[in-house]
Amino acid sequence: MTTNHLLEIKEYGQSIWMDNLTRDLLQSGELKQMVETQGLRGITSNPAIFEKAIKGNKIYDTDIETGIRAGKSLLEIYESLIFDDIRNACDIFLPVYEESGGLDGYISIEVPPNIADDTESTISEARRYHREIDRPNVMIKIPGTSAGLPAVEQMISEGVNVNVTLLFSVQSYINTAWAYIRGLEKRAASGEDISKIASVASFFLSRIDIKIDERVDAVLKKGVDQLAQEAKLNAIKGKIAIANAKVAYQEYKKIIADPRWLALKEKGANVQRLLWASTGTKNPDYSDVMYVDELVGADTVNTLPPATIEACVDHCDVAPRIETGVEEAYQLINSLKDPDIDINLAEVMEELLSEGIDKFVQPFESLMSSLQEKVDRLATIA
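All values reported here derive from a predicted model rather than from experimental measurement. (Residues numbered from 1 in each chain as written. Predicted model: local features only at pLDDT ≥ 70, side-chain atom pairs only at ≥ 80, totals over all residues. Heavy atoms only, no water.)

Student: Explanation requested: the overall build of the protein in the structure shown.
Tutor: A tally of regular secondary structure across the protein gives 17 helices and eight strands. Projected onto its principal axes, the C-alpha positions of the protein cover 70 × 50 × 50 Å. Nonlocal contacts in the protein, meaning residues at least 24 apart in sequence, comprise 80% of its contacts between residues at least 6 apart. Of the roughly 16400 Å² that the protein leaves accessible, carbon and sulfur atoms contribute 50%. Separation between the mean location of the 40 positive side-chain charges and that of the 61 negative ones in the protein comes to 2 Å. (Helix = DSSP H or I, 4+ residues; strand = E, 2+ residues; numbered from the N terminus. Contact = heavy atoms within 4.5 Å. Areas by Shrake-Rupley, 256 points an atom, 1.4 Å probe, with all protein chains shown as cover. Lys, Arg positive; Asp, Glu negative; His and termini not counted. Charge placed at Lys NZ, Arg CZ, Asp CG, Glu CD.)

What follows is the structure, encoded as structure tokens:
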């Protein structure tokens, strides 16, 4: 009997969530089976995932026709579809949520990406999503932007589970962790229970390597004067994202040793786990499970696309590596300042954040457009 390497990961304190959700998965029983046989502990979703799920899929047509007959707006029809999927997924994962004491079993849904720069709208929509979905194991995704973090703090203070998304830089993670702590402190100060709140900080990986590798390739294409410079440039390719994540984990360890955190822990607070996101390897020259194998460690989550789940089941090499090669990780990050490399990491992270928001806005707008076409077509039948 072959070993399912995915199941080994839990032994090291890491939970595997899946970055995918469709109605087909829910209705066919496949998702329930994956929970039982693959050890899946949660689900993350985003507008790009819902675009793929709904666009050109007739499984949603009956509900769309019902919405048309009820006189619902396009946005109301969209929300009725995705809220139903999220609720049903929450119900499938409820046993995981209960068995884990609220550590796992969460289904993440993102507030509309076109309000990422508006704190008050983000708070308002996060409250509404939480209220309307009405499941204890729903997690509201809020971008870790300067506008998003005050919303994170507010939602945590109101007892809402939050997945803080689009984190690229180590500093953005640190800011997120303290927003979570401030939210818990505010809630505790008002005498409310803080032991039932969960949060993850979604730290993105593969997009960092893509961006860094593009810059390296551009320099190499122009030509370099010395072999030593060429070697330095090639040495960082495909390495920065994992190094960045290992540095972030060291910051996590510092935060959970801080007296402010320890005071909250005494009151029953749960740690905000680092969640590795964007873990599908984009470059075929690299291992298809590199963002899994290198980042297994305690108090973390890894959310994997379906293809990476299949690959990991087959050939992940599972060991607790999150705290191996830490010194090398710091050296790799520092090497970007070397005049022979000269890559401004802060600038790269800013670009990635801006592009990340666009990568959620564009599929959201595309989905709404294709949904409108579907509504117009079905309206003639309904």
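Student: Before we go on, may I ask you to explain the side chain of glutamate 251 in this structure?
Tutor: Relative to the helices and strands, glutamate 251 resides in helix H12 (residues 240–255). Apart from residues lying up to four places away in sequence, glutamate 251 is in contact with Val170, Tyr173 and Ile174.

Student: Is there a simple way to think about the environment of valine 301 in this case?
Tutor: One can find valine 301 in strand S8 (residues 300–304). For the pair formed by valine 301 and valine 200, sequence separation is 101 residues and the distance between their alpha carbons is 8.1 Å.

Student: Please explain the state of the cysteines as it appears in this structure.
Tutor: Each disulfide consists of one covalent bond between the sulfur atoms belonging to two cysteines. Summed over all chains, the structure comprises one disulfide. Put simply, cysteine 312 and cysteine 316 are joined by a disulfide, and their sulfur atoms are 2.2 Å apart. Across the S-S bond linking cysteine 312 and cysteine 316, the dihedral sits near -110°, which makes this disulfide left-handed. The exposure class assigned to cysteine 312 is buried, which follows from its relative accessible area of 0%. We classify cysteine 316 as buried; its relative accessible area is 4%. (Disulfide = S-S within 2.5 Å. Buried < 20%, exposed > 50% of the residue type's maximum accessible area, 1.4 Å probe, protein only.)

Student: Mind showing me how you'd approach the packing of helix H6 (residues 74–99) against helix H17 (residues 345–379) here?
Tutor: Two quantities define a packed helix pair, namely the angle between the axes and the distance from one axis to the other. Viewed as axis vectors pointing N to C, H6 and H17 meet at an angle of 105°, and their least axial separation amounts to 10 Å. Between H6 and H17, the angle is such that the two are roughly perpendicular. Here Leu74, Leu75, Ile77, Tyr78 and Leu81 of H6 lie close against H17, whose contacting residues are Phe364, Leu367, Met368, Leu371, Gln372 and Val375. Taken together, the residues that form the contact of H6 with H17 break down as 10 nonpolar, one polar and no charged. (Axes fitted to C-alpha atoms, helices over the stretch in contact; angles between N-to-C directions. Parallel < 35°, antiparallel > 145°, perpendicular 65-115°, else oblique. Nonpolar A, V, L, I, M, F, W, Y, C, P; charged D, E, K, R; others polar.)

Student: Help me understand the nonpolar core in this model?
Tutor: Side chains that are nonpolar tend, in soluble globular proteins, to be buried together. Among the nonpolar cores identified, the biggest contains 130 residues, and Leu31, Tyr173 and Phe203 are the most heavily contacted of them. Per element, the largest residue contribution to this core is 14 residues, and it comes from H17. With residues near it in sequence (within four places) discarded, phenylalanine 203 still touches Leu167, Phe168, Ser169, Val170, Tyr173, Asn244, Ala245, Ala248, Leu274, Leu275, Trp276 and Ala277. (Core = buried A, V, L, I, M, F, W, Y, C linked by side-chain atoms within 4.5 Å.)

These figures come from the coordinates and say nothing about function on their own.
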